[in-house]
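Structure assessment
The residues making up each chain are set out below.
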Amino acid sequence: AQTVTQSQPEMSVQEAETVTLSCTYDTSENNYYLFWYKQPPSRQMILVIRQEAYKQQNATENRFSVNFQKAAKSFSLKISDSQLGDTAMYFCAFMKPVGGNTGTASKLTFGTGTRLQVTL
Amino acid sequence: EAGVAQSPRYKIIEKRQSVAFWCNPISGHATLYWYQQILGQGPKLLIQFQNNGVVDDSQLPKDRFSAERLKGVDSTLKIQPAKLEDSAVYLCASSLWTGGDSPLHFGNGTRLTVT
């Protein structure tokens, strides 16, 4: 079974600064997907960024980027130029790939989350 | 496009009572998920549907929880009877198909409090 560990329950960063959230995972799979989701107080889970394990290049989405270290099973999220709207819970998640419309389950396994507070 | 709709937003019930949650996924999404998120934890998958068939309900407490997806569109999740430990946020999500290349879209969830 896959497990996802987020060792930082809470983080704080000043507006415009950079912060890195840590995530490690355990799997015997070689191909898989990793995700970072943001959950603001509205409770809706919002996809921030996605990484395919077979890609060596780290994914980036505007101010968000990841440092994917496959051998170390590490997947950290870097938020640059932090904004007040980035305040939220951030969840790291793992999914084993299943191709297409096969009807086979592909469970998304979440970590316990990191609460990020962006301050003035 | 319209997002995943869930109702109600909040629900408070006493233990041993019954409760039902409703979810309307994004139009055209074949896969629908119900997650349970206990305070301070990440979401845990309860059940996954592909169209109107169940593909994973391994973590659904079947003695008290049930779910159905009528005509492969809307879904309801029911708890009967509720226990104190069922207090949580229940999140519904949908995706075009099953797989990491088809992102999950989540609703705003239903916060259940069992007293």
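The rules behind these values
Residues numbered from 1 in each chain as written. Chains lettered and ligands numbered in written order. Predicted model: local features only at pLDDT ≥ 70, side-chain atom pairs only at ≥ 80, totals over all residues. Heavy atoms only, no water. Helix = DSSP H or I, 4+ residues; strand = E, 2+ residues; numbered from the N terminus. Rg over C-alpha atoms; globule rule 2.2 N^0.38 Å. Buried < 20%, exposed > 50% of the residue type's maximum accessible area, 1.4 Å probe, protein only. Contact = heavy atoms within 4.5 Å. Disulfide = S-S within 2.5 Å. Buried area = accessible area lost by both parts, 1.4 Å probe. Salt bridge = Lys/Arg side-chain N within 4 Å of Asp/Glu carboxyl O. Polar contact = N/O pair within 3.5 Å; in protein donor to acceptor, adjacent residues only side chain to side chain. Nonpolar A, V, L, I, M, F, W, Y, C, P; charged D, E, K, R; others polar. Pairing = 2+ DSSP bridges.

1. Here we look at the overall build of chain A
Tallying secondary structure elements over chain A gives zero helices and 12 strands in all. When the helices and strands of chain A are read in sequence order from the N terminus, they spell out β-β-β-β-β-β-β-β-β-β-β-β. Relative to the compact-globule value of 14 Å for 120 residues, chain A shows a C-alpha radius of gyration of 14 Å, a close match. Referenced to the eigenvectors of the C-alpha coordinate spread, the extents of chain A come out at roughly 45 × 30 × 25 Å. A buried classification covers 46% of the 120 residues belonging to chain A. Partitioning the contacts of chain A with sequence separation of at least 6, the portion at a separation of at least 24 is 56%.

2. Brief notes about the state of the cysteines
Per the stated rule, a full pass over the model turns up two disulfides over all chains. Across a sulfur-sulfur distance of 2.0 Å, Cys23 of chain A and Cys92 of chain A are joined as a disulfide pair. On the sign convention where negative means left-handed, the S-S torsion of about -70° between Cys23 of chain A and Cys92 of chain A marks this disulfide as left-handed. One end of the pair, Cys23 of chain A, is in the loop between β3 (19-21) and β4 (24-26); the other, Cys92 of chain A, is in strand β10 (residues 88-95), with 69 residues separating them in the sequence. The same class applies to Cys23 of chain A and to Cys92 of chain A, which are both buried. A sulfur-sulfur separation of 1.9 Å characterises the disulfide bridge that pairs Cys23 of chain B with Cys92 of chain B.

3. Overview of the interface of chain A and chain B
On the side of chain B, 31 residues touch chain A, which itself brings 25 residues to the contact. Here chain A meets chain B over a buried area of about 2200 Å², counting both sides, of which 50% is carbon and sulfur. Summed over the shared surface of chain A and chain B, the number is zero salt bridges. Our count for the chain A to chain B interface comes out at six residue pairs in polar contact (both at pLDDT 80 or more). Counting residues per element, the ones that place at least two in the side of chain A that touches chain B are β5 (33-39), β6 (46-52), β10 and β11 (108-110) of chain A. Its residues assigned to classes, the side of chain A that touches chain B shows 11 nonpolar, 11 polar and three charged.

4. Some remarks on the pattern of salt bridges
Under the criterion given, the structure shown has six salt bridges over all chains. Between Arg63 of chain A and Asp86 of chain A there is a salt bridge, with its nearest N and O atoms 2.8 Å apart. Of this pair, Arg63 of chain A sits in the loop between β7 (60-61) and β8 (64-69) while Asp86 of chain A sits in the loop between β9 (74-79) and β10; the two residues are 23 residues apart in sequence, bridging distant segments of the chain. Residue Arg63 of chain A shares its accessibility class with Asp86 of chain A, and that shared class is buried. With a closest N to O distance of 2.5 Å, Asp86 of chain B and Arg64 of chain B form a salt bridge. Residue Asp86 of chain B is found in the loop between β8 (75-79) and β9 (88-95), and its partner Arg64 of chain B is found in the loop between β6 (53-56) and β7 (65-69); the two are separated by 22 residues along the sequence. Of the two residues, Asp86 of chain B and Arg64 of chain B, neither departs from the other in class, the shared state being buried. Residues joined by salt bridges that share partners form a network here, namely Arg50, Glu52 and Lys55 of chain A.

5. Some remarks on the pairing of β7 of chain B
Along a regular strand, successive side chains alternate from one face of the sheet to the other. All names here are of chain B. In this structure, β7 lies alongside β8, joined through five bridges in antiparallel fashion. Across the sheet, the residue bridging to Phe65 is Ile79, located in β8. Hairpin connection between β7 and β8: a loop of five residues separates the two successive antiparallel strands, and Lys71 in this loop has a positive phi of roughly 55°.

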